[in-house]
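So you can see what is in the structure, the chains are spelled out below.
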Amino acid sequence: MNNEIDKESKAYKFAAGKGVMNLPNKLTISRMVMIPFFILFFYLPFTAHYFVALAVFGIACLTDLLDGKIARKYGLVTNLGKFLDPIADKVLVLTALVIFLTKPDAMFVNTGEIGLIVMGCGISVILAREIIIGGFRMVAASAGTVIAADIFGKYKTVTQDISIVVLIIGAGVGELIDHISAYVISYVGLGFFVLSVILTIISGINYLYKNREVLKK
């Protein structure tokens, strides 16, 4: 019985891992494919369209959790996956944050220019961090150094995702009903966004400090 299970497991690994287009990489690519649909539903003016966009974003985030777990569990880690996964994550998050700026009245209910300024400045910090760390990783790779993932970077990603989800919920509630709950949700979302920006700065500094020897070579 155990031998049959082992054979089935090996067969699954072989089938799923055949070539670079294995299941984890397909999930990663599907996350990138969902980005245009997220944008589409975000802008289409039908009832509860923000919640539909939120559902697409949630599914995309779920693929982010699954692709890594499946790749590690079944030994399906590939260079293509290492390349595409962080790109898909960053494009998804940054796309959401940038399009929020195009509809400040909906996304920052009753926060006025404060929400717009906070979001605009925060996005510039996030973009700067990603560009700096991306370049730093390239320099490190050329020197034969692999930079390990940073715990603050993981916290940063989680808080970014939470802020996006909460802000979309606030926009959806504010569109359907004129209630104080929409204002509260928007401020909570902005709070998580500010926290993610702080973690972004900490993560960037920590990356550079822990691997400062790379720049001395």
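This structure is a prediction, so every number in the text was calculated from the model and none was measured.

A. Quick peek at helix α4 (residues 79-100). Taking 1.5 Å of rise per residue, the 22 residues of α4 would be expected to cover 32 Å, and the 33 Å separating its terminal C-alpha atoms lies within 8% of that figure. If you check which residues of α4 are buried, you get Gly 81, Leu 84, Ala 88, Asp 89, Leu 92, Val 93, Leu 94, Thr 95, Ala 96, Leu 97, Ile 99 and Phe 100.

B. Highlighting the pattern of salt bridges. This model, assessed by the stated rule, comprises 7 salt bridges. Taking the shortest distance from any N to any O, the salt bridge between Asp 85 and Arg 31 comes out at 2.7 Å. Of this pair, Asp 85 sits in helix α4 while Arg 31 sits in helix α2 (residues 23-43), and the two are 54 residues apart along the sequence. The exposure class of Asp 85 is partly exposed, given its relative accessible area of 23%. Exposure remark for Arg 31: the relative accessible area of 0% places this residue in the buried category. Across the pair Arg 129 and Glu 130 runs a salt bridge, and its minimum N-O distance is 3.3 Å. A relative accessible area of 10% places Arg 129 in the buried class.

C. Representation of the environment of Arg 129 within the structure. Tracing the chain through its elements places Arg 129 in helix α6 (residues 112-142). The spacing of Arg 129 and Gly 204 is 75 residues in sequence and 6.0 Å in space, taken between C-alpha atoms. Not counting residues within four places of it along the chain, the set of residues in contact with Arg 129 comprises Gly 153, Lys 156, Thr 200, Ser 203, Gly 204 and Tyr 207.

D. Structural view of the side chain of Asn 211. When you line up the elements, Asn 211 lands in the loop between α8 (180-210) and α9 (213-216). With near-sequence residues (within four places) excluded, Asn 211 lies in contact with Phe 136 and Ile 147.

E. Molecular detail of the packing of aromatic side chains. One pass over the full model with this rule turns up 6 aromatic pairs. Relative to Phe 57, the ring of Phe 38 lies with its centre 5.8 Å away and its plane at 45°, an arrangement referred to as tilted. Of this pair, Phe 38 sits in helix α2 while Phe 57 sits in helix α3 (residues 49-73); the two residues are 19 residues apart in sequence, bridging distant segments of the chain. On the basis of relative accessibility, which here comes to 1%, the residue Phe 38 falls in the buried class. Residue class for Phe 57 comes out buried when judged on its relative accessible area of 0%. With a centroid separation of 6.3 Å and an interplanar angle of 90°, the aromatic rings of Phe 41 and Phe 46 are classed as edge-to-face.

The rules behind these values
Residues numbered from 1 in each chain as written. Predicted model: local features only at pLDDT ≥ 70, side-chain atom pairs only at ≥ 80, totals over all residues. Heavy atoms only, no water. Helix = DSSP H or I, 4+ residues; strand = E, 2+ residues; numbered from the N terminus. Expected span 1.5 Å × (residues − 1). Buried < 20%, exposed > 50% of the residue type's maximum accessible area, 1.4 Å probe, protein only. Salt bridge = Lys/Arg side-chain N within 4 Å of Asp/Glu carboxyl O. Contact = heavy atoms within 4.5 Å. Phe/Tyr/Trp six-rings, centres within 6.5 Å; stacked < 30°, edge-to-face > 60°.

Purely spatial values, then, with no claim about function.
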